[in-house]
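# Understanding the architecture of this molecule
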There are 2 protein chains.
Amino acid sequence: MHNVCQPLDRNRQREFYEKRQTWKKGQFLYRAGEPLGPIFKIITGIVAVADRLPDGRRQILDFFFPGEICGYLETEDRYSFEGEAITDVETCVFGRARFKAFTAAHGDLAEIVRVTLMSKLNSANHRLAELGQLSSTERVAAFLCWLKARYEEHGLETRPLTLPMSRELIADHLGMRLETVSRSFSRLKRLELITASDAGVTLLDLPGLALLAASDDRP
Amino acid sequence: MHNVCQPLDRNRQREFYEKRQTWKKGQFLYRAGEPLGPIFKIITGIVAVADRLPDGRRQILDFFFPGEICGYLETEDRYSFEGEAITDVETCVFGRARFKAFTAAHGDLAEIVRVTLMSKLNSANHRLAELGQLSSTERVAAFLCWLKARYEEHGLETRPLTLPMSRELIADHLGMRLETVSRSFSRLKRLELITASDAGVTLLDLPGLALLAASDDRP
DNA sequence: CGGTTAGTTGAGTGCATTCAATCCCAGTGG
DNA sequence: CCACTGGGATTGAATGCACTCAACTAACCG
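For the structure given in this document, a descriptive report is provided here. (Residues numbered from 1 in each chain as written. Chains lettered and ligands numbered in written order. Predicted model: local features only at pLDDT ≥ 70, side-chain atom pairs only at ≥ 80, totals over all residues. Heavy atoms only, no water.)

## Description of the overall build of chain A
When its secondary structure is counted, chain A shows seven helices and twelve strands. By residue count, 50% of the 219 residues in chain A fall in the buried class. Sequence-distant contacts in chain A: of pairs separated by 6 or more residues, those separated by 24 or more amount to 68%. For chain A, the computed accessible surface area is about 10,400 Å², with 52% contributed by carbon and sulfur atoms. (Helix = DSSP H or I, 4+ residues; strand = E, 2+ residues; numbered from the N terminus. Buried < 20%, exposed > 50% of the residue type's maximum accessible area, 1.4 Å probe, protein only. Contact = heavy atoms within 4.5 Å. Areas by Shrake-Rupley, 256 points an atom, 1.4 Å probe, with all protein chains shown as cover.)

Now the structure itself:
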């Protein structure tokens, strides 16, 4: 159907971006241990990438927003983690080999990949500090600051902040139980750092939240 | 020896590896926020890379062993984290710009950098799952398994395993207090999964430890 | 020897978890 | 139209794990 690899821009674009795919909320784009399939570029929606322990516990490692690429991380020839659509999601799907060849051929793209990887590693490290050192409420505060920053990147409304993920997802991201997440929200409300309506959460005192979060803001 | 790349071998080698530096246990190779200095390749000893919160709490992100490179992670023009010699350390020190130029000029080296970054990101992700999901004793078990694997990589004695880091360092790595680390060791002894002598720790039942650690082995 | 530092262990506290009840809302079918 | 249902969220009560504070041991070094 799509012929492979011409050094012609038009074709490239088409090759890369033509093959779209949609996912319902709750569907998995890929699972850990599955043979490597394609790489996904998110067009709309949010994907949660998670590590899962044998007994079912899971750690959500990152939330991927439109414009980001997920599914590229691999060990051997299997996916390392799992990617789940937590909203309805639309993706571009394209082959790994082709992606590799393409970046190899373009030095500047390789540099972009390097910078992206480094930035992701940086974020992961900051999150390690959060998980290891912050109390539950501090973690929620840090999460809200982070989410606001992501929303601003994407030009989304931040007053109020519409939370696209459930308490359970937040809990699995922050290494706590959903009830504890809920209590933390209540605590933040009582401290008048946030208010909540059915539309979402409003951050009343960003400096105060950042102070609670203590950790340097994550990039 | 280190056989890095062919063209202009002699000179390159000299440029890269001639400048050595030694560090006493406890010295910092670099600190977060400092203007970017050189990149460090560790020849002997172990370096702990850590993130530090404003109030002094720290999260040790990784331990770097001989042959590894640390100090390359950056945001803007500052070091993101801090690198501390936890034993006496000998390093090669070389300039960032030169390193960049060198990798840019050699596609294969750039690929090595990419793979290394990806592997580090993979490890960081697995450690996120550990911090987020495992109990304290499980975390210590995971840590011991990981350390053994690292030792084997480097051809070091693993029966017994000589722990190069104090309880406090382990605690700051695993997000717990040093007393809890100590209690976890005692628990593992009581479970007859390990024994300890003044020479170090012997892992009696690796499968048992790995089972406790639950998480997939980290790479 | 005394002084110092790393490690272990005990007692008591507190924070996060577990289990459970309730509430709210959206969806559905009588 | 309203009663019913199910999922997400909040809150309460009780438990338990990890933390704090503190005592004590062992090893090392002057």
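## Here we look at the protein's contact with DNA strand D
In the vicinity of DNA strand D lie 17 residues, with R167, R183 and S186 of chain A together with R177 and T180 of chain B positioned nearest. Atoms of DNA strand D within 4 Å of the protein: sugar and phosphate make up 67%, bases the balance. S136 of chain B places a main-chain nitrogen or oxygen 2.9 Å from a phosphate oxygen of DNA strand D. T180 of chain B places a side-chain nitrogen or oxygen 2.3 Å from a phosphate oxygen of DNA strand D. Counting residues per element, the ones that place at least two in the surface near DNA strand D are helix 6 (178–190) of chain A together with helix 6 (178–190) of chain B. Looking at the surface near DNA strand D element by element, the count peaks at six residues for helix 6 of chain A. A per-class count over the surface near DNA strand D returns two nonpolar, seven polar and eight charged. (Near = heavy atom within 4 Å. Polar contact = N/O pair within 3.5 Å; in protein donor to acceptor, adjacent residues only side chain to side chain. Nonpolar A, V, L, I, M, F, W, Y, C, P; charged D, E, K, R; others polar.)

## Overview of the sheet that holds strand 9 (residues 82–85) of chain A
Within a sheet, adjacent strands bond to each other through the backbone by hydrogen bonds, running parallel or antiparallel. All names here are of chain A. With respect to topology, four strands assemble into an open sheet ordered 2-9-4-5, the strand pairing being antiparallel. Only two strands of the sheet have a single partner each, and these edge strands are strand 2 (28–30) and strand 5 (58–64). Across this sheet, the average inter-strand angle for adjacent strands is 30°, counted without regard to direction. Of the strand pairs in this sheet, strand 2 and strand 9 are connected by two bridges, and their pairing is antiparallel. Bridge assignment links F28 to a residue of strand 9, and that residue is E84. (Pairing = 2+ DSSP bridges. Axes fitted to C-alpha atoms, helices over the stretch in contact; angles between N-to-C directions.)

## A word on the packing of helix 4 (residues 136–153) of chain A against helix 6 of chain A
Residues and elements named next belong to chain A. Orientation of helix 4 relative to helix 6, taken along the N-to-C sense of each, is 75°, at an axis distance of 9 Å. By the angle between their directions, the pair helix 4 and helix 6 is classed as roughly perpendicular. Across from S136, T137, V140, A141 and L144 in helix 4, the residues of helix 6 making contact are T180, S184, F185, R187 and L188. In terms of residue class, the contact of helix 4 with helix 6 is made up of five nonpolar, four polar and one charged. (Parallel < 35°, antiparallel > 145°, perpendicular 65-115°, else oblique.)

## Quick word on the pattern of salt bridges
For the structure shown, the criterion picks out 30 salt bridges over all chains. With a closest N to O distance of 3.3 Å, R57 of chain B and E138 of chain A form a salt bridge. One end of the pair, R57 of chain B, is in the loop between strand 4 (47–52) and strand 5 (58–64); the other, E138 of chain A, is in helix 4, on a second chain. Salt-bridge contacts for R150 of chain B lead to E68 of chain B; the nearest nitrogen and oxygen are separated by 3.0 Å. Residue R150 of chain B is found in helix 4 (residues 136–153), and its partner E68 of chain B is found in the loop between strand 5 and strand 6 (69–70); the two are separated by 82 residues along the sequence. Take R150 of chain B: its relative accessible area is 7%, and that puts it in the buried class. (Salt bridge = Lys/Arg side-chain N within 4 Å of Asp/Glu carboxyl O.)

## Some remarks on the sheet that holds strand 6 of chain B
Residues and elements named next belong to chain B. The sheet built from four strands is open, its strands ordered 1-10-3-6 with antiparallel pairing. Sheet topology places strand 1 (20–23) and strand 6 at the edges, where each strand pairs with a single neighbour. One ladder, built from two bridges, connects strand 3 (residues 39–44) with strand 6; its direction is antiparallel. Bridge pairing in strand 6 places K41 opposite I69.

## Brief notes about the packing of aromatic side chains
Residues and elements named next belong to chain B. What the rule picks out here adds up to 18 aromatic pairs over all chains. A ring pair is formed by F63 and W146, whose centres lie 6.3 Å apart and whose planes are at 40°; its orientation type is tilted. Of this pair, F63 sits in strand 5 while W146 is found in helix 4, placing the two residues 83 residues apart along the sequence. Between the aromatic rings of F65 and W146, the centroid separation amounts to 6.4 Å while the plane-to-plane angle is 70°, which identifies the pairing as edge-to-face. Linking F65 in the loop between strand 5 and strand 6 with W146 in helix 4, this pair joins segments that are 81 residues apart in sequence. For the pair F65 and W146, one class covers both residues: buried. (Phe/Tyr/Trp six-rings, centres within 6.5 Å; stacked < 30°, edge-to-face > 60°.)

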